[in-house]
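Overview (structure and organization)
Residues per chain, in single letters:
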Amino acid sequence: MNKETKEQIVSHISSKLKQATFAVLTGYRGLTVEQITRLRNELRGVSSDYQVVKNTLFKIASKGTEFETPHQTFAGPTAILLISDEHFS
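What comes next is a walk through the structure. (Residues numbered from 1 in each chain as written. Predicted model: local features only at pLDDT ≥ 70, side-chain atom pairs only at ≥ 80, totals over all residues. Heavy atoms only, no water.)

**Regarding the side chain of Asp-49**
Examined against the element boundaries, Asp-49 turns out to sit in strand β2 (residues 48-53). With sequence-adjacent residues up to four places away left out, Asp-49 is seen in contact with Lys-16, Ile-80, Leu-81 and Leu-82. (Helix = DSSP H or I, 4+ residues; strand = E, 2+ residues; numbered from the N terminus. Contact = heavy atoms within 4.5 Å.)

Structure (structure tokens):
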């Protein structure tokens, strides 16, 4: 992945974090691509987004947001669930 692509991803995630009212870091080991796709589709219906994210890029994107996370939190494959719904605020 080149630097420009990484910067775009960081910008996208940072923007999503600033709009989110709730965020959950999850592991996704053991889930198939089909299961993750089905989960994403179901979550979109409740004003949320679930995406796999590189740990390093999430750390950079979360800096300065209320979801900034200590580096010790990350181990292994990570995905983030972001909810942007008023009933969670």
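Following the structure, the description resumes.
**Notes on the nonpolar core**
By size, the foremost hydrophobic cluster in this structure holds 12 residues: Val-10, Ile-13, Leu-17, Ala-20, Val-53, Leu-57, Phe-58, Ala-61, Phe-67, Phe-74, Ile-80 and Leu-82. Where this core is concerned, the elements lending two or more residues are α1 (3-19), α3 (55-62) and β3 (78-83). Each residue touching Val-10, except ones within four places of it in the same chain, is listed here: Leu-57, Ile-60 and Ala-61. Of all hydrophobic cores here, the second largest spans 6 residues; its members include Tyr-50, Ala-79, Leu-81 and Ile-83. (Core = buried A, V, L, I, M, F, W, Y, C linked by side-chain atoms within 4.5 Å. Buried < 20%, exposed > 50% of the residue type's maximum accessible area, 1.4 Å probe, protein only.)

**Things to note about the environment of His-12**
Within the secondary structure, His-12 sits in helix α1. It is 8.3 Å that separates the C-alpha atoms of His-12 and Ala-61, two residues lying 49 residues apart in sequence.

**Description of the pairing of β2**
Most of β2 is tucked away, with 5 of its 6 residues classed as buried. Looking at chain direction, β2 and β3 are connected through 6 bridges and run antiparallel. Considered in β3, the bridge of Ser-48 is made with Ile-83. (Pairing = 2+ DSSP bridges.)

**Things to note about the packing of α1 against α3**
Two numbers describe how α1 lies on α3: the axes approach to 8 Å, and their chain directions differ by 55 degrees. The orientation of α1 relative to α3 falls into the category oblique. The element α1 and its partner α3 pack so that their crossing is right-handed. Counting all contacts with α1, which are made through Lys-6, Ile-9, Val-10, Ile-13, Ser-14 and Leu-17, the residues of α3 involved are Leu-57, Phe-58, Ile-60, Ala-61 and Ser-62. Class assignment of the residues belonging to the contact of α1 with α3 gives a composition of 8 nonpolar, 2 polar and 1 charged. (Axes fitted to C-alpha atoms, helices over the stretch in contact; angles between N-to-C directions. Parallel < 35°, antiparallel > 145°, perpendicular 65-115°, else oblique. Left-handed = near helix turned anticlockwise from the far one by under 90°. Nonpolar A, V, L, I, M, F, W, Y, C, P; charged D, E, K, R; others polar.)

**Quick notes on the sheet that holds β2**
Strand order in the open sheet formed by 3 strands is β1-β3-β2, and the pairing between neighbours is antiparallel. Taken across any chain shown, the strands that pair with only one partner, and hence form the sheet edges, are β1 (22-26) and β2. Each neighbouring strand pair of the sheet contributes to a mean axis angle of 15 degrees, computed without reference to strand direction. For β1 and β3, the ladder comprises 5 bridges, and the chain directions are antiparallel. Bridge pairing links Leu-25 to Ile-80 in β3.

**Structural notes on the pattern of salt bridges**
Applying the stated criterion across every chain yields a total of 2 salt bridges. One salt bridge in this structure joins Lys-16 and Asp-49, with 3.8 Å as the shortest N-O distance. Within this pair, whereas Lys-16 is found in helix α1, its partner Asp-49 is found in strand β2, the two being separated by 33 residues in sequence. What makes Lys-16 partly exposed here is its relative accessible area of 27%. According to the relative accessible area criterion, Asp-49 is buried, its value standing at 16%. Between Glu-34 and Arg-38 there is a salt bridge whose closest N-O contact spans 3.6 Å. Of this pair, Glu-34 and Arg-38 are both found in helix α2 (residues 33-44), 4 residues apart, which corresponds to roughly one turn of the helix. (Salt bridge = Lys/Arg side-chain N within 4 Å of Asp/Glu carboxyl O.)

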